[in-house]
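Each chain, written out:
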Amino acid sequence: TGTTPPKLTLGKLKEIPIPVPKNPKEQQKIADCLSSLDELIVAHQDKLEALKNHKKGLLQNLFPQEGQTVPNYRFPEFVKDGEWEIKTLNEIAKFRRGSFPQPYGLPEWYDVNGFPFIQVFDVDDNFKLKTNTKSKISKAAAEQSVFIKKGTVIVTIQGSIGRVAITQYDAY
């Protein structure tokens, strides 16, 4: 009652009903089952860590290190193809700046049923886009924006914050 936050007192805690098996063997069986699951979880966490380390080692061996022109490891079926080419990032990627139509914030740029517009906020922690973008833009705004095809690697930047994603859907 009133504005005081509710408290869970020792007296109230002692009165909470909890179903408990009558047979101690059933209690032990439940504890053993839960312990077994805990052990399985730890084993999978260890396996996951080992796989991450294996991937890290592969990346170090599959891609040339500074000063090298070829990786430390090549898949045997491709060795006959010769050395790797050296190219700049500019030669293998397309760079486009995709800013919002100006002046920013005009109502005619937005449409709740419009096209997805990707911003830093729309990139999830798994290098993928969230299911829905924060902003949907109108056809007029889309005509002044950069189209991004599904499956494109993008870098979103806003101020000093940047996030990388692979798009799962077409957007702007």
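Placed above this text is the structure.
What you are looking at is a predicted structure, and each value in this text was computed from that prediction instead of being measured.

Here we come to the nonpolar core. Residues Ile-118, Val-123, Leu-129, Ile-148, Ile-154, Ala-165, Tyr-169 and Ala-171 constitute the largest nonpolar core, which totals eight residues. Membership of the second largest hydrophobic core comes to seven residues, among which are Phe-100, Trp-109, Ala-141 and Tyr-172.

The next thing to look at is the pattern of salt bridges. By the definition in use, this model includes one salt bridge. Two residues, Asp-125 and Arg-163, come together in a salt bridge whose shortest N-O distance is 2.5 Å. Residue Asp-125 is found in the loop between β1 (110-117) and β2 (135-137), and its partner Arg-163 is found in strand β4 (residues 161-166); the two are separated by 38 residues along the sequence. According to the relative accessible area criterion, Arg-163 is partly exposed, its value standing at 26%.

So, about helix α2 (residues 24-62). A rise of 1.5 Å per residue sets the reference length of α2, with its 39 residues, at 57 Å; its end C-alpha atoms lie 56 Å apart and thus fit the reference within 8%. The distance from a side-chain oxygen at the start of α2 to the backbone nitrogen of Lys-25 is 2.8 Å, and the residue carrying that oxygen is Asn-23.

Criteria and thresholds
Residues numbered from 1 in each chain as written. Predicted model: local features only at pLDDT ≥ 70, side-chain atom pairs only at ≥ 80, totals over all residues. Heavy atoms only, no water. Core = buried A, V, L, I, M, F, W, Y, C linked by side-chain atoms within 4.5 Å. Buried < 20%, exposed > 50% of the residue type's maximum accessible area, 1.4 Å probe, protein only. Salt bridge = Lys/Arg side-chain N within 4 Å of Asp/Glu carboxyl O. Helix = DSSP H or I, 4+ residues; strand = E, 2+ residues; numbered from the N terminus. Expected span 1.5 Å × (residues − 1). Polar contact = N/O pair within 3.5 Å; in protein donor to acceptor, adjacent residues only side chain to side chain.

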